[in-house]
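One letter stands for each residue in the lines below.
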Amino acid sequence: MPVTQSEEKVIVIDFGGQYNQLVARRVRECNVYCEIYSYKTPIEQIRAMGAKGIILTGGPNSCYEEGAPSASPELFNLGVPVLGLCYGAQLMAHVLGGKVERASAREYGKTEVFVDTSSPLFTGITDRRGTDPTAESGGGHEVSTICWMSHFDYISKLAPGFEAVAHTDNCPVAAAQDLSRDLYAIQFHPEVLHTMEGSRMLHNFVRNICGCAGTWRMDSFVEKTIEEVRAKVGSGKVLLALSGGVDSSVLAALLAKAVGKQLTCVFVDHGLMRKNEGDEVEAVFGEKGSFDVNFIRVNAGERYFARLAGVEEPERKRKIIGEEFIRVFEEEARKIGAVDFLAQGTIYPDVVESGLGGESAVIKSHHNVGGLPDYVDFKEIIEPLKYLFKDEVRKAGLELGLPDYLVYRQPFPGPGLGIRVIGEVTPDRVRIVQDADYIYREEIAKAGLEKLPDQYFVALTNTRSVGVMGDERTYDYAVVLRAVDTVDFMTAEASNLPYEVLQKVMSRIINEVRGVNRVFYDLTSKPPGTVEME
Ligand code: XMP
């Protein structure tokens, strides 16, 4: 189901490529709404979606192998433009009567591609060498640009009706088109930032070739969604577990604008938040905040600490923290009584099946809630952010007037500081992490680093060592500074933070945080490490 029936959209058909979500995000950056579907989606269903264009993603297979993901020839006869990317391009050639073969060498990485700017796909692409293509090639339209390649197979023979419109030194068909049927195939990845003019190529496809007007904007999404939620909820009651993370905060703000006091937000403060975060959430959604909702803050720290006493094993801690959340939330929900709707902060990456295999959308349980809460008396779940990518959720948050510190909050694990204290979790150990982490964040902000790490925090080791402070011997804890650069949190590199910043943080932590006498910087990438310590 599209966000609204009237929204023009493009369909991205997923063949298991690692960049499939990126394709959809780039299309949305062209202000065109799009949705991702598995290649297994029946053709009738795709036809019924009334999309203005279709994009086939890359994938790990070889299209000529038995059992490889395929596409019905009808897909190319729906009367809407189709763009195949990498595997999608090869599949288009294969299905329509061309030939795809394995090359003797893989073409990988940034590659010089010569594109024909008379193709509507490549309109407006400029020559990276700054030369005038028409002069150089005697009236031709070929320009040089850099694109991201990642393929072994290549199109060795074009399908009937197609002409090549780009090539590299090694690959005769880096792009092809059949203008009479509006079919386009690109061997490289325009969705990847390394492709210099990739955004323009996708823009050319969705806006010019598919003719999308480009009406997908966050302000109109927010307005429309508020109207839709209002219409659906009527005079009903809505319950939301507010964690203070980006998704649930944006959802709370949106629901607040839509149904005001019909919304009750339950914020379970487990005492394992970062310094001041509980109060920040309350400042925005509580009585003195700018949203007129029922806000219940449950200060459950003591309960959590009681259950965590003596527990050292990371997964056991996670389990206890998850279970305790459910108990506390359940108790509050009982006090509130029956509600009509339970709101969940599910976002699009949670919905989209990842890679191959899924037949239909799989909805992951919300990380911070831990499964569908069947212990709450509600009639229906609403998930108004279900079609948004994270960056779009943030834009929606800004539209809704949320402060930057909530909108740009770093990812924070559901079990909170519970998994940033190695070993037993006690109030004093949590206090150490909170204070040290606060200093770390403050210094990183002060340093105005050009590129902020994607996630950075302090963790507490369970190692104590000897030090000397003034004239006194100390026997205190070591904390670890962690900072990582990552795209998807599946892999990560330790950030290269300036030494002076690290030194300043070290000196402030040792001087200001009682109980710490050593500071380490974690250089480990993921793999072999993980982002968190536990
Ligand atoms: P790891 O440590 O697995 O972290 O490399 C990857 C990302 O996931 C976050 N993370 C969690 N989030 N519950 C969550 O909601 C958890 O138990 C959990 N463990 C790790 C982590 O902060 C990072 O962003």
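Since the model is a prediction, treat every value here as computed from it, not as a measurement.

Is there a simple way to think about the packing of aromatic side chains in this case?
Aromatic rings in a pair are described by how distant their centres are and how their planes are angled relative to each other. The full count for this structure, using the stated rule, is 13 aromatic pairs. Taken together, a centroid distance of 5.4 Å and an interplanar angle of 70° make the contact between tyrosine 108 and tryptophan 148 edge-to-face. Pair noted here: tyrosine 108 is in strand S5 (residues 99-116) and tryptophan 148 is in strand S6 (residues 142-157), with a separation of 40 residues, a long-range link. Above the ring of tyrosine 348, the side-chain terminus of arginine 28 is found at 5.2 Å from the ring centroid. Here the guanidinium or amino end of arginine 420 rests over the ring plane of phenylalanine 457, the centre of that ring lying 3.8 Å away.

I tried to follow the sheet that holds strand S11 (residues 263-269) on my own but got confused; where do I start?
Strand pairing within a sheet occurs via backbone hydrogen bonds; the two strands may be parallel or antiparallel. Spatial ordering of the open sheet is given by S12-S11-S10-S13-S14, a layout of 5 strands whose pairing is parallel. The strands lining the two open edges of the sheet, one partner per strand, are strand S12 (294-299) and strand S14 (380-382). Averaged over neighbouring strand pairs, the angle between their axes works out to 25° when direction is ignored. One ladder, built from 6 bridges, connects S11 with S12; its direction is parallel. Its bridge partner lying in S12, threonine 264 is registered against asparagine 294. The strands touched by helix H7 (residues 246-259) are strand S10 (238-241), S11, strand S13 (341-343) and S14; relative to S10, the strand with the most contacts, the crossing angle is about 160°.

How should the site of the ligand be read in this particular structure?
Among the 14 residues in the neighbourhood of the ligand, the closest are listed as Arg318, Gln455, Lys526, Val531 and Glu532. A distance of 2.6 Å is found between an oxygen atom of the ligand and a side-chain nitrogen or oxygen belonging to arginine 318. Between valine 531 and the ligand, the recorded distance is 2.7 Å, taken from a backbone N or O atom to an oxygen atom. Grouping the amino acids of the shell around the ligand by side-chain chemistry returns 6 nonpolar, 5 polar and 3 charged.

Before we go on, may I ask you to explain the domain arrangement of the protein in this structure?
A common way to report how large an interface is uses the accessible area buried once the components associate. When cut into domains, the protein gives domain 1 (9-209), domain 2 (218-407) and domain 3 (426-521). Domain 1 and domain 3 are separated by 46 Å when their C-alpha centres are compared.

Each value, and the rule that gives it
Residues numbered from 1 in each chain as written. Predicted model: local features only at pLDDT ≥ 70, side-chain atom pairs only at ≥ 80, totals over all residues. Heavy atoms only, no water. Phe/Tyr/Trp six-rings, centres within 6.5 Å; stacked < 30°, edge-to-face > 60°. Helix = DSSP H or I, 4+ residues; strand = E, 2+ residues; numbered from the N terminus. Lys NZ or Arg CZ within 6 Å of the ring centre and 35° of its normal. Pairing = 2+ DSSP bridges. Axes fitted to C-alpha atoms, helices over the stretch in contact; angles between N-to-C directions. Contact = heavy atoms within 4.5 Å. Near = heavy atom within 4 Å. Polar contact = N/O pair within 3.5 Å; in protein donor to acceptor, adjacent residues only side chain to side chain. Nonpolar A, V, L, I, M, F, W, Y, C, P; charged D, E, K, R; others polar. Domains from an automatic or database assignment.

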